[in-house]
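Spelled out from the first residue to the last, the chains are:
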Amino acid sequence: VQLVESGGGLVQPGGSLRLSCAASGFTFSRYVMNWYRQLPGKEREWVAVITNTGAYTNYADSVKGRFTISRDNAKNTVALQMNSLKPEDTAVYYCRVRLERDYWGQGTQVTVSS
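The sections below set out a description of the structure shown in this document. All figures in this text were calculated on a predicted structure; none of them were measured in a lab.

1. Overview of the side chain of Asp89
Structurally, Asp89 can be placed in the loop between β8 (77-82) and β9 (91-98). A distance of 2.8 Å separates a polar side-chain atom of Asp89 from the backbone nitrogen of Lys86. Setting aside chain neighbours within four positions, we find Asp89 in contact with Arg37, Arg66, Phe67, Ser84, Val110 and Val112.

Here you go:
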């Protein structure tokens, strides 16, 4: 199982970024996918979830209305579109899948700063 995040970077407040997580080693279309983030000095926190078909999504209150999770089961990818970014969104962002145990990617750094 491998999860590889990409798309992070430095962006000004109010800007946008699109993160992507490429999955391999399991039947992607069968599993719920999640995005998490870890803010500096804080524990990892849940950000968003999408069911295996994409029919259901949910978000942490802190990102609701600004972030959108989506997936492409043909390409084995899950994305996180982040709009109206705030400095407090600065974090390392991870995707996660739960199979017989949790698998995590290596993370991608998002920095929101002017």
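2. Side note on unusual backbone geometry
Positive phi, normally seen in glycine, also occurs at Asn76, with a value near 55°. By the secondary structure assignment, Asn76 is in the loop between β7 (67-72) and β8. Since its relative accessible area comes to 26%, Asn76 is described here as partly exposed.

3. Some words on the pairing of β9
Of all eight residues in β9, six are buried, a share of seventy percent or more. Of the strand pairs in this sheet, strand β4 (residues 33-38) and β9 are connected by six bridges, and their pairing is antiparallel. Opposite Gln38, over in β9, you have Val92 as the bridge partner. Both β9 and strand β11 (residues 108-112) contribute to a ladder of three bridges, which runs antiparallel. Paired with Tyr93 across the strands is Thr108, a residue of β11. Direction of pairing for β9 relative to strand β10 (residues 102-104): antiparallel, over a ladder of three bridges. Residue Val97 lies in a different strand from β10, and its bridge partner there is Tyr103. The hairpin turn running from β9 into β10, its antiparallel successor, is three residues long.

4. Overview of the pattern of salt bridges
For side chains of opposite charge, pairing can occur when their charged atoms come near one another. Applying the stated criterion to the full structure yields six salt bridges. One salt bridge in this structure joins Arg37 and Asp89, with 3.0 Å as the shortest N-O distance. Of this pair, Arg37 sits in strand β4 while Asp89 sits in the loop between β8 and β9, and the two are 52 residues apart along the sequence. One exposure class covers both Arg37 and Asp89, and it is buried.

5. As for the state of the cysteines
A covalent bond between the sulfur atoms of two cysteines is referred to as a disulfide. A full pass over the atoms with the stated rule returns one disulfide. Here Cys21 is linked by a disulfide to Cys95, with a sulfur-sulfur distance of 2.0 Å. Its S-S torsion of approximately 55° makes the covalent link between Cys21 and Cys95 right-handed. Here Cys21, found in strand β3 (residues 17-24), pairs with Cys95, found in strand β9; they are 74 residues apart in sequence, far enough to count as distant. This pair shows no difference in class: Cys21 is buried, exactly as Cys95 is.

6. Side note on the pairing of β3
With burial as the criterion, only one face of β3 is covered, namely that bearing Leu17, Leu19, Cys21 and Ala23; the residues Arg18, Ser20, Ala22 and Ser24 on the opposite face remain uncovered. Note: β3 against β8, six bridges, orientation antiparallel. Bridge pairing links Cys21 to Val78 in β8.

About the criteria used
- Residues numbered from 1 in each chain as written.
- Predicted model: local features only at pLDDT ≥ 70, side-chain atom pairs only at ≥ 80, totals over all residues.
- Heavy atoms only, no water.
- Helix = DSSP H or I, 4+ residues; strand = E, 2+ residues; numbered from the N terminus.
- Polar contact = N/O pair within 3.5 Å; in protein donor to acceptor, adjacent residues only side chain to side chain.
- Contact = heavy atoms within 4.5 Å.
- Buried < 20%, exposed > 50% of the residue type's maximum accessible area, 1.4 Å probe, protein only.
- Pairing = 2+ DSSP bridges.
- Salt bridge = Lys/Arg side-chain N within 4 Å of Asp/Glu carboxyl O.
- Disulfide = S-S within 2.5 Å.

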